[in-house]
Amino acid sequence: LALFPFLTGGIILFLSLVFAAQKHFAFDMRDNALSLGSIVALGGASRRLVLEGGEWWRIFLAPIYHGSLGHLVGNCVALGFLGARLEPLLGRWWMSAAFVISALGGMVGSMIGNPPDVTTVGASGAISGLIGALFAMSFHSRADEATQQAMRRTAWRFGIPALGPLLWGAHGTTDYSAHLGGAVSGAMVGAVIALLWDGRSFRPGFQRLAAAIAVGGLTMSGVSAAMAATQFKRHERRWAHLIPMSQTPRTVEEGAKRADDFVARYPRDPRAHLFRAVALIKRDKLIAAEGELRAVIANASEVGAGRHTLERTAEAYMAMIYAYQGRRADAQAMGRKVCADKSVAGLQKSLKKYKICG
């Protein structure tokens, strides 16, 4: 029984219960995914919120939250495989301590590696830390050669997709900076244990230290949840003027068909004005569309972490308007950021048709 990964199963159950609570309190969802506003209100972390806003408690909450059911399931599957390898070797206290330290390391990596407004949640930083710890411990003599090889295979199997994209410039919604911060932290924990543990005792030493780290991390998550509750309504009001996720069109073209309704109901949401701009372009009212697009760029910060994509989208449409009007120099100047931004490849394809991007 001492070798059975009960703790791993307990963490999976805990994360699942936390996600159920997230769904219960979220004020906006679609298809088992929480809106950005709900994530921020519940405790998601970004550099701006944590460092500039002083909401330090978010770093203890974000690692146990998830943005969607798929996000949760993917992390729990990886946790199950890694925990089954690592927990029997380290024991429950050091496994817990490695999880906590890696989670915090993942938050540090996210704060350093992401733009200020990017909000992150998820246990992937902590899980990446378990990958690092598993790899480091695979060189310890406590495990026989076959077990060592199995540990390294598991570490590589999950480590390559978790960290590999950093080598060619990661984009999208996955927080690879958190993965890197967690992996480095976990590898350091594993390396320290490997150096200090002679292997003759059944478990590594300093069990009380590991227990203190584990209990301290869980306690801080509880305290942070109480802090989040006191701020929840304020953040909920902050997002009330934006189009709810459950009503947000899946494409700009779909939004253009309902543009007037969106602008009437959500006049402060820059996305509503983007939809109107596209509708005006379709009616060949290019001057009015340009005015709407300028308003989008000026107010893009209203959507938080979505600001970057929204700005690039508005700039791409303005560049196409200029190209259509024969203003080649203005089109190339407006499209310069879009053409240089690999995270908006779809917009680049549109500009290439107008010969704005090379």
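Because the structure is predicted, anything quoted here is derived from the model rather than measured. (Residues numbered from 1 in each chain as written. Predicted model: local features only at pLDDT ≥ 70, side-chain atom pairs only at ≥ 80, totals over all residues. Heavy atoms only, no water.)

**Focus on the overall build of the chain**
On a plain count of helices and strands, the chain comes out with 18 helices and two strands. Structurally, the chain occupies a C-alpha span of about 80 × 45 × 30 Å along its principal axes. Counting every position in the chain, which comprises 358 residues, the buried fraction comes to 51%. Sequence separation of 24 or more characterises 70% of the internal contacts of the chain that already satisfy a separation of 6 or more. Here the chain displays about 17400 Å² of accessible surface, and carbon together with sulfur accounts for 62% of that area. When the 40 positive and 24 negative side-chain charges of the chain are each reduced to one mean point, those points stand 3 Å apart. (Helix = DSSP H or I, 4+ residues; strand = E, 2+ residues; numbered from the N terminus. Buried < 20%, exposed > 50% of the residue type's maximum accessible area, 1.4 Å probe, protein only. Contact = heavy atoms within 4.5 Å. Areas by Shrake-Rupley, 256 points an atom, 1.4 Å probe, with all protein chains shown as cover. Lys, Arg positive; Asp, Glu negative; His and termini not counted. Charge placed at Lys NZ, Arg CZ, Asp CG, Glu CD.)

**A few points about helix α7 (residues 124-137)**
With 14 residues, α7 should reach 20 Å at 1.5 Å per residue; the first-to-last C-alpha distance of 20 Å fits that figure. Most of α7 sits out of view: 13 of its 14 residues are buried. (Expected span 1.5 Å × (residues − 1).)

**Some details on unusual backbone geometry**
Not every positive phi belongs to a glycine, and D31 is a case in point at roughly 50°. You can see D31 is positioned in the loop between β1 (29-30) and β2 (33-34). You can call D31 exposed: its relative accessible area is 59%. Not every positive phi belongs to a glycine, and D284 is a case in point at roughly 65°.

**Focus on the state of the cysteines**
By definition, a disulfide links two cysteine residues through a covalent bond between their sulfur atoms. Counted according to the given criterion, the structure contains one disulfide. With a sulfur-sulfur separation of 1.9 Å, C339 is cross-linked through a disulfide to C357. What sets the handedness of the C339 and C357 disulfide is the S-S torsion sign, and at about -90° it is left-handed. Pair noted here: C339 is in helix α17 (residues 336-340) and C357 is in the segment after α18 (345-353), with a separation of 18 residues, a long-range link. (Disulfide = S-S within 2.5 Å.)

**Describing a nonpolar patch on the surface**
Nonpolar side chains collect at one region of the surface, where V192, L195, L196, F206 and L209 lie side by side and expose about 570 Å² of accessible area between them. The leading source of residues in the nonpolar patch is helix α9 (residues 176-196), at three residues. Positionally, L195 belongs in helix α9. Residue classification places L195 among the exposed positions, given a relative accessible area of 75%. (Patch = residues over 30% accessible without salt bridge, like charges linked within 9 Å, V, L, I, M, F, W, Y side chains within 5 Å. Salt bridge = Lys/Arg side-chain N within 4 Å of Asp/Glu carboxyl O.)

**Details of the pattern of salt bridges**
Counted under the stated rule, the structure contains 17 salt bridges. In this structure, the salt-bridge partner of R48 is E52, at a minimum N-O distance of 3.0 Å. Of this pair, R48 and E52 both sit in helix α3 (residues 47-52), four residues apart, roughly one helical turn. The exposure class assigned to R48 is partly exposed, which follows from its relative accessible area of 34%.

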